[in-house]
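A look at the structure
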Amino acid sequence: FFFGWLFPAQKFALHGENVVMHRLIRTTQRKMLLYPMSCRGSALSMSSKVPNTPNKRMRSISDVYTPPTKFYGGHLGTPLPEDVRFRLDRAFVDAFRHEKPPFGFNGLGEVVYLRTYARAKENGETELWVDTVERVVEGAFEILQHYVVNKLQCTWDEDEAQARAKDMFRRMFEMKFLPPGRGLWAMGAPVITKKGFAAALNNCAFVSTLDLDDDRVHPFTFLMDASMLGVGVGFDTKGAGSFTIPGTNETAPRHRFVIPDDREGWVESVRLLLEAYFYGKANVDFDYSLIRPAGQPLKTFGGISSGPAPLIKLHENIHGMLEPVRGKKISVTIITDIMNMIGACTVSGNIRRSAEIAFGEAECEEFLDLKNYEKNPQRQEYGWTSNNSIFAELGMDYTAACERVRKNGEPGFAWLSNMQNYSRMKDKPDYKDHRVRGGNPCLEQSLESMELCCLVETFPTKHDDFQDFKQTLHSALLFAKAVTLLPLHWPESNQIMKRNRRIGCSVSGIAQFISRRGLPELKTWLEDGYQELQEYDQRISEWLCVRQSIKLTSVKPSGTISLVAGATPGLHYPESRFYIRRLRMAHDSPLLERIKAAGYHIEPCAVSPESTSIVEFPVDAGEGVRTAKDVSMWEQLSLAAFLQRHWADNQVSATVSFDPETEGAQIATALQFFQYQLKGVSFLPRFVSGTAFKQMPYEAITEQQYREAISTLQTDVSLSSSSCMVGTMPEVQQVFCDNDSCIMP
């Protein structure tokens, strides 16, 4: 390990962390040194005091937060001089430019990377994989360096830092672990280094409406603010009935608000509108003239502006919904409608789409009927933006809820008591998360209200042995821990984040690992890996003088990250071993010519042949890998419980597919057994389509068809090029939870 000894000195308080340290780290004016994490004899004593909650939340976003212009938003102190700021050894990085990245699935992974995560560099060229890995690793180590030097006032050993960073670089380049999609996109990029929007590195969040009457607007504006940064947000409906909606004050003079052309301006407009209805204030006339027209580039997040249309529609929808309910109590439907309308606006108006999950009470018919569009036809326009789950009670009767699941797959189930009481379900209750109130949209993280989480993904099947996997866990954890050092622009969230520093280190490609090594070896790797992470987190936390992370492990559903690496997503099984994956691409995409030269089948899109092409990628999920149709509902539940028992102290994201005819009637019985082994689960009916439609995204094929398809591919042709920017289609812009509906890709 590369962190040296901490030197004893007098006690002092670390500003902003509420941690009392009994060892003072030596300060030096010489070459900066990064201390190793193996200081067993120098454990820090940390206060258990929790920061006081402000008496009154600051209501104006402009009062709470002014967009910073300093390095990392000014959060990490004065920028270090360029000649000492961390950079990977240039010769080391350049050596990888001659290596072919191990993208997955016969070019599919490379195309997904190019369309989703490759950024434009300052010189106008497009990143190659080596450039992206370099940016991400340097970004993480810059955070560590500035924190150690500026915040802790200790020194930095460049040689040891280079060794650790090179190891992280190799493991990322070889795709033994990868940051979440948002980490690939944002780490080391201007949105972090210049704007300081650390939320863009966190995957997901949760906000409760339990205390809605204390601040009737904040949960909604928090969800919108976070969503526009690409953060998937969960919310509950516990605030239903907490206050009567007075409506706008029609006797007061209306006031005009000119909406600034930025995220804060959009959120502020919604705050003003909701305050007018929820507090009986004067109505607002909005001026959209400053919002850039549709089609213009978005510099910070990338992509193309949607113009003001999605925001105008959101304002109109909120007006139309709240006008008829003057004098009525706020309801489950109203809470969910506002959140879903915001979600629809975010999907339409921001390049980085994000997900939602709504939580309701198990006995609430109103909540259970939200997606019954025969009863609520008006919700069809926006109700799709959230997955809906109930807070299930241990021992409850699941029959009625499961009848709904049998028809359309919802609701999902979240056992809040298990989330609050347990880490891994094999261990005794530890009540670490007694403050937890819900979870993220894919339900792999238990979260307090206003808490965010950072995920990172490992691929056990890409390792030769456990020792190799153990070192990958070190790099993955160090990346995620660096993310927790950056404060957010929500003061309430910072109090929770500094106390918890929650991380979700995930495993993907489980179906492939089981087929190659078997379940007993998987159990050994999970058990030993979990213990290794606990010990390593203790060392990292001592070095950084922060609390250990409250929890460290989860199983995320994965999305495009697993496609990039060529792994099956999370614990899920593929629909077929051999299949064709089709992607849409614009005719004028610079990438299309390279794809054509590499021998992939390309044909005009049946829907828009004049502007769009369809590219076919033949995929082999791996020898011996079983497919979803071969794995029963009961076995899928058992695998989820296995991972919740031996790996995940947060949660396992499991979407269990089932045959409605043969297994639908068994769901309620299954939940009676698995309610004591899981923290959450959702279901997806596996319907057999009578007729296939042309150019389906996924199409199962035979092995012979697969062999014929790959025989035309030119494996020596690279799809990557730094000479041109890769264009994307709007419908394939990526969410970073990593899915917008948290189901298997």
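That block above? That's the structure.
In short, a report on the structure.

Of all nine residues in helix α3 (residues 108–116), nine are buried, a share of seventy percent or more. Looking at α3, one finds that the buried residues are Leu108, Gly109, Glu110, Val111, Val112, Tyr113, Leu114, Arg115 and Thr116. Where the residues of α3 are buried, they touch α4 (129–151), α6 (181–186), α19 (560–565), β15 (578–586), α20 (590–597) and β17 (612–620).

On to the pattern of salt bridges. Counting across every chain of the model gives 50 salt bridges. Where Lys121 meets Asp131, a salt bridge forms, and the shortest distance between an N and an O atom there is 3.5 Å. With Lys121 in the loop between α3 and α4 and Asp131 in helix α4, this pair connects stretches of sequence that are 10 residues apart. In this structure Asp131 comes out as buried when scored by relative accessible area, which is 6%. Arg171 is paired through a salt bridge with Asp167; the nearest N and O atoms lie 3.1 Å apart. Here the residue Arg171 and the residue Asp167 both occupy positions in helix α5 (residues 158–173), the gap between them amounting to four residues, near one helical turn. Here Arg171 matches Asp167 in class, with each residue buried. Within the structure, one salt-bridge network assembled from shared partners comprises Arg90, Asp94, Arg97, Lys121, Glu125, Asp131 and Glu134.

Attention shifts here to the nonpolar core. Judged by nonpolar contacts, the single largest core of 197 residues is most densely connected at Phe278, Phe413 and Phe683. Take this core: its biggest share by element is 12 residues, from α4. With residues up to four places along the chain from it excluded, the contact list for Phe683 reads Val405, Gly409, Phe413, Met633, Leu637, Thr655, Val656, Phe658, Ile667 and Leu671. Residues Cys204, Ile357, Leu416 and Met419 belong to the second largest nonpolar core, which totals 12 residues.

For the structure on display, the rule yields 31 aromatic pairs. Look at Tyr113 and Trp129: their rings are 5.2 Å apart centre to centre, the planes differ by 90°, and that puts the pair in the edge-to-face class. Of this pair, Tyr113 sits in helix α3 while Trp129 sits in helix α4, and the two are 16 residues apart along the sequence. The buried category is assigned to Trp129, whose relative accessible area is 2%. A ring pair is formed by Trp634 and Phe674, whose centres lie 6.3 Å apart and whose planes are at 55°; its orientation type is tilted. Of this pair, Trp634 sits in helix α21 (residues 633–646) while Phe674 sits in helix α22 (residues 667–674), placing them 40 residues apart in sequence. For Trp634, a relative accessible area of 27% translates into the label partly exposed. Given the relative accessible area of 6%, Phe674 is considered buried. Ring-pair connections join several aromatic residues into one group, and the members of that group are Tyr398, Phe413, Trp415, Phe658 and Phe683.

What counts as what
- Residues numbered from 1 in each chain as written.
- Predicted model: local features only at pLDDT ≥ 70, side-chain atom pairs only at ≥ 80, totals over all residues.
- Heavy atoms only, no water.
- Buried < 20%, exposed > 50% of the residue type's maximum accessible area, 1.4 Å probe, protein only.
- Helix = DSSP H or I, 4+ residues; strand = E, 2+ residues; numbered from the N terminus.
- Contact = heavy atoms within 4.5 Å.
- Salt bridge = Lys/Arg side-chain N within 4 Å of Asp/Glu carboxyl O.
- Core = buried A, V, L, I, M, F, W, Y, C linked by side-chain atoms within 4.5 Å.
- Phe/Tyr/Trp six-rings, centres within 6.5 Å; stacked < 30°, edge-to-face > 60°.

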